[in-house]
Amino acid sequence: MELVGHRGCADHGPENTPRAVAAAADRLPAVEIDLRRCASGELVAAHDERVDGFTDGSGRVADLDLAALRELRVDGSDERVATFGEILDAVPAETTLHVELKEPGLLGDVRAELSEHDDPPALRITSFSAPALAEIARSDWAPEVGWLFGDYPDANLDLAAVLGCANVHPHARQCLDTDVVERAHDDGFGVYAWGLLDAAGEPSNRAATVRALADRGVDGVTTDTWDIPEP
């Protein structure tokens, strides 16, 4: 089962930064980051809609231009809010990069950034936004795409098929408490779980939860720490 460094394994460094993803890529086969568009148009690595929760600043990412974002520091570190290009520079070609699109309208710029890199990493695109994935389905681009969801497995497996997804990304608790993994595999999807800490209850339970997910046949799981033995 593939362990994916969630936001660059945020337990060990400032989330969604080049430093974090480079450190996670040294230890895990895959890393995950989140993308949003800032006010001046660039794609930046940010999970939250507002910067308040992960920087020393305040405001919506969409209302701050790149120059303003560059003045902020992430998680009390000396790291700045990163552009997508900076993330790509930090991820080795042999590492798989999961990119979660936090909103629609990012497709063209994601492709443009990738085209500017001579040896970009293997890419998986994910989203909770059906419109974001529908844009890819309507395009002439065919990256590996995955649909993120937390509940209603029947409806979401059907939606993943409509969106042309190769993978589905259910919450870890869904993988453990329902037969979504088996049904997804029967439908031809890869299965990558998220929400490991929520499903584990306590950080000390994460290794056991990863083993349980592996026993259910999950293909991969996002993790905030690399200090988990790979099953």
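None of the values given here were measured: they were computed from a predicted structure.

K.L.:
What's the story with the side chain of Thr223 in this structure? I'm lost.
P.N.:
Take Thr223: it is sitting in strand E9 (residues 220–223). Residue Thr223 is classed as buried on the basis of its relative accessible area of 0%. A polar atom in the side chain of Thr223 sits 2.7 Å from the backbone oxygen of Thr225.

K.L.:
Teacher, can you tell me more about the nonpolar core here?
P.N.:
A general feature of soluble globular proteins is that nonpolar side chains tend to end up buried together. Core analysis: the biggest nonpolar cluster contains 57 residues, and Phe84, Leu97, Val110 and Leu213 have the highest contact counts within it. Core analysis: the second largest hydrophobic core is formed by 12 residues, Cys38, Phe54, Val61 and Val74 among them.

K.L.:
Please explain unusual backbone geometry as it appears in this structure.
P.N.:
Most peptide bonds are trans, and most residues other than glycine sit at a negative phi. Notably, Cys9 is not glycine yet its phi reads approximately 55°, a positive angle. As for its placement among the helices and strands, Cys9 is situated in the loop between strand E1 (2–6) and helix H1 (18–25). We classify Cys9 as buried; its relative accessible area is 0%. Positive phi outside glycine occurs at Tyr152, with the angle close to 45°. On the accessibility criterion, Tyr152 (62% relative accessible area) is exposed.

K.L.:
Can you walk me through the side chain of Glu100 in this structure?
P.N.:
If you trace the backbone, Glu100 turns up in strand E4 (residues 96–101). Glu100 gets classed as buried once you look at its relative accessible area, which sits at 6%. Of note is the side chain of Glu100, whose polar atom sits 2.8 Å from the side chain of Lys102. Contact partners of Glu100, with chain neighbours within four places excluded, come to Glu32, Ile33, Asp34, Leu35, Thr126, Ser127, Phe128 and Leu148.

K.L.:
Would you take a moment to explain the environment of Leu28 for this structure?
P.N.:
The residue Leu28 is located in the loop between H1 and strand E2 (30–37) in this model. Residues within four places of Leu28 in sequence aside, it is in contact with Leu3, Val4, Gly5, Cys9, Thr95, Thr223 and Trp226.

K.L.:
Is there a simple way to explain the pattern of salt bridges in this structure?
P.N.:
Taken as a whole, this structure holds 17 salt bridges when the rule is applied. Measuring nitrogen to oxygen at the nearest pair gives 2.8 Å for the salt bridge that ties Lys102 to Glu100. Taking relative accessible area as the criterion, Lys102 reaches 21% and is therefore assigned partly exposed. The salt bridge partner of Arg216 is Glu182, with a shortest N-O separation of 3.5 Å. A residue pair is termed long-range when its members are at least 10 positions apart, and Arg216 in helix H10 (residues 206–216) and Glu182 in helix H8 (residues 180–186) qualify at 34 residues. According to the relative accessible area criterion, Glu182 is partly exposed, its value standing at 34%. Overlapping salt bridges bring together Glu2, Arg124 and Glu144 as one network.

K.L.:
Just to check I follow, could you spell out the environment of Ala214 for this structure?
P.N.:
Within the fold, Ala214 resides in helix H10. Measuring from C-alpha to C-alpha, the distance between Ala214 and Leu107 comes to 32 Å, with 107 residues separating the pair along the chain. With sequence-adjacent residues up to four places away left out, Ala214 is seen in contact with Met1 and Pro231.

Scoring rules and cut-offs
- Residues numbered from 1 in each chain as written.
- Predicted model: local features only at pLDDT ≥ 70, side-chain atom pairs only at ≥ 80, totals over all residues.
- Heavy atoms only, no water.
- Helix = DSSP H or I, 4+ residues; strand = E, 2+ residues; numbered from the N terminus.
- Buried < 20%, exposed > 50% of the residue type's maximum accessible area, 1.4 Å probe, protein only.
- Polar contact = N/O pair within 3.5 Å; in protein donor to acceptor, adjacent residues only side chain to side chain.
- Core = buried A, V, L, I, M, F, W, Y, C linked by side-chain atoms within 4.5 Å.
- Contact = heavy atoms within 4.5 Å.
- Salt bridge = Lys/Arg side-chain N within 4 Å of Asp/Glu carboxyl O.

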